[in-house]
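# Observations on the three-dimensional arrangement
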Amino acid sequence: MGKKVTVVGAGYYGATTAQRLAEYDIFDTVVLTDILEGRPEGLALDLNQSRPIEGFETKVVGVGGGSYDGTEGSDIVIVTAGLPRKPGMSRMDLLGTNAKIVREVSGKIAEKSPDAVVIVVSNPLDEMTTLAAEATGFPRERVFGQAGILDTARFTHFVAEELGVKIASVKTLTLGSHGDTMVPVPSQCTVDGKPLADVLPQEKIDELVTRTRNGGAEVNNLLKTGSAFYAPSAAAARMAKAVAEDSGAVFPVCAWLTGQYGISDVYLGVEAELGAGGVRKVVETKLTDDELAGLQAAADAVKSKAASLNEL
């Protein structure tokens with residue numbers, strides 16, 4: 001206890017993330033802030049009234065009207081602000097609009113919480129993480145993005161459903177960009193300790209890989225309005241928990257690369273060890289030649305888009 005975490009954006013994603021963080025009962029305060037007046041305050045009041053039922057002491061504070069008063073000195077800030085995808089939209093369609101939002105939010109974070117660890121979840125994820133790092137001026141290890149945990153969870157779910165086995169028996173991994181250049185890593189996937197290729201034909205693995213890449217769009221198309229938030233919020237909250245507890249847990253996240261996999265100077269989805277200062281180190285995973293080529297292609301794509309951020 002004693003730590004403060006701020007969630008920027010009180011939409012479904014932000015509100016559910018705040019709920020998960022509060023129910024962990026490891027923070028003193030969870031602050032939920034939004035440009036809308038009343039919504040974060042109302043959500044905070046509602047969440048606080050659930051404390052006697054769920055048995056947690058963490059206090060939730062809502063701050064509306066675009067104010068960041070009350071967020072000062074946050075140990076962790078999770079940025080969910082930005083427009084969500086609509087059916088038929090790609091994550092890259094959000095680049096221009098969300099760049100302006102993330103740039104403004106990052107400036108306020110730097111002003112109010114200069115020592116914070118920043119976790120970005122706004123889309124397009126890799127580019128917005130790059131922008132947040134540049135706009136805050138924070139060390140790269142203190143700014144990273146959520147994507148790999150979510151994409152990996154989707155892959156795991158699809159494999160478990162296909163085989164009719166327990167979730168706990170499946171281990172999967174996705175790296176690369178949070179988008180079309182996502183790199184699911186079947187060579188590192190197992191079911192009850194057996195390689196995925198031993199329990200599923202390659203055709204079916206390829207089908208599940210494609211479904212994983214399109215996992216967010218599948219949810220969007222079913223919802224019609226809005227986008228996924230249960231699984232994404234679980235991923236973001238779990239990352240914040242690892243930072244708060246200085247746990248050293250290894251997760252696939254969007255981290256700054258400095259030569260790992262032969263890739264430098266780009267934010268990209270890789271496995272990383274998380275602690276109180278953010279990313280402790282990037283953990284390199286053995287990849288096949290095709291998987292490594294996919295990761296390098298993803299890096300090139302992110303670099304290309306990130307180069308245009310200053311023009312937005």
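Use the structure listed above.
The structure presented is a predicted model; accordingly, all values stated were derived computationally and were not measured.

### Thoughts on the environment of Asp-34
Tracing the backbone through its elements, the reader meets Asp-34 in the loop between β2 (29–33) and α2 (39–48). Residues Asp-34 and Gly-14 lie 20 residues apart in sequence; the distance between their C-alpha atoms is 9.3 Å. With residues up to four places along the chain from it excluded, the contact list for Asp-34 reads Gly-9, Ala-10, Gly-11, Pro-40, Val-63, Gly-64, Gly-65 and Gly-66.

### Description of helix α11 (residues 289–306)
Relative to the 26 Å expected for 18 residues at 1.5 Å per residue, α11 spans 26 Å between its end C-alpha atoms, a close match to the ideal helical length. Among the residues making up α11, those that are buried are Glu-291, Leu-295, Ala-298, Ala-299, Val-302 and Ala-306. One side of α11 carries all its buried residues, which in axial view fall inside an arc of 100 degrees. Pointing more than 90 degrees away from the buried face of α11 are the exposed residues Asp-289, Asp-290, Asp-300 and Ser-304.

### Points about the nonpolar core
Counting residues in each nonpolar core, the largest one holds 53 residues, and the members touching the most others are Leu-21, Ile-76, Ile-78 and Phe-144. Take this core: its biggest share by element is eight residues, from helix α10 (residues 230–244). Setting aside anything within four residues of it in sequence, one finds Ile-76 in contact with Lys-4, Val-5, Thr-6, Phe-27, Ala-116, Val-117, Ile-119, Ala-240, Val-243 and Ala-244. Val-79, Ala-132, Ala-133 and Ala-306 belong to the second largest nonpolar core, which has 24 residues in total.

### Quick notes on empty space enclosed by the protein
Unfilled space is identified by rolling a water-sized probe across the atoms. On inspection of all chains with the given rule, the structure shows two cavities of 30 Å³ or more. Computed from the structure, the largest cavity encloses a volume of approximately 50 Å³. If you go around the largest cavity, the residues you meet are Ala-147, Gly-148, Asp-151, Thr-174, Leu-175, Gly-176, Ser-177, His-178, Met-182 and Gly-269. At three residues, strand β8 (residues 174–176) tops the list of elements feeding residues into the lining of the largest cavity. Here the lining of the largest cavity is composed, by residue class, of three nonpolar, six polar and one charged. Its volume calculated, the second largest cavity comes out at about 40 Å³. Around the second largest cavity, the lining residues are Thr-6, Tyr-68, Thr-71, Ser-74, Val-77, Lys-108, Ile-109, Lys-112 and Ser-113.

Cut-offs applied
- Residues numbered from 1 in each chain as written.
- Predicted model: local features only at pLDDT ≥ 70, side-chain atom pairs only at ≥ 80, totals over all residues.
- Heavy atoms only, no water.
- Helix = DSSP H or I, 4+ residues; strand = E, 2+ residues; numbered from the N terminus.
- Contact = heavy atoms within 4.5 Å.
- Expected span 1.5 Å × (residues − 1).
- Buried < 20%, exposed > 50% of the residue type's maximum accessible area, 1.4 Å probe, protein only.
- Arc of directions from axis to C-beta.
- Core = buried A, V, L, I, M, F, W, Y, C linked by side-chain atoms within 4.5 Å.
- 1 Å grid on protein atoms, 1.4 Å probe; cavity = no way out; pocket = protein on both sides within 12 Å on 5 of 7 lines; lining within 4 Å.
- Points joined across faces, edges and corners; volume = space filled by probe spheres on them.
- Nonpolar A, V, L, I, M, F, W, Y, C, P; charged D, E, K, R; others polar.

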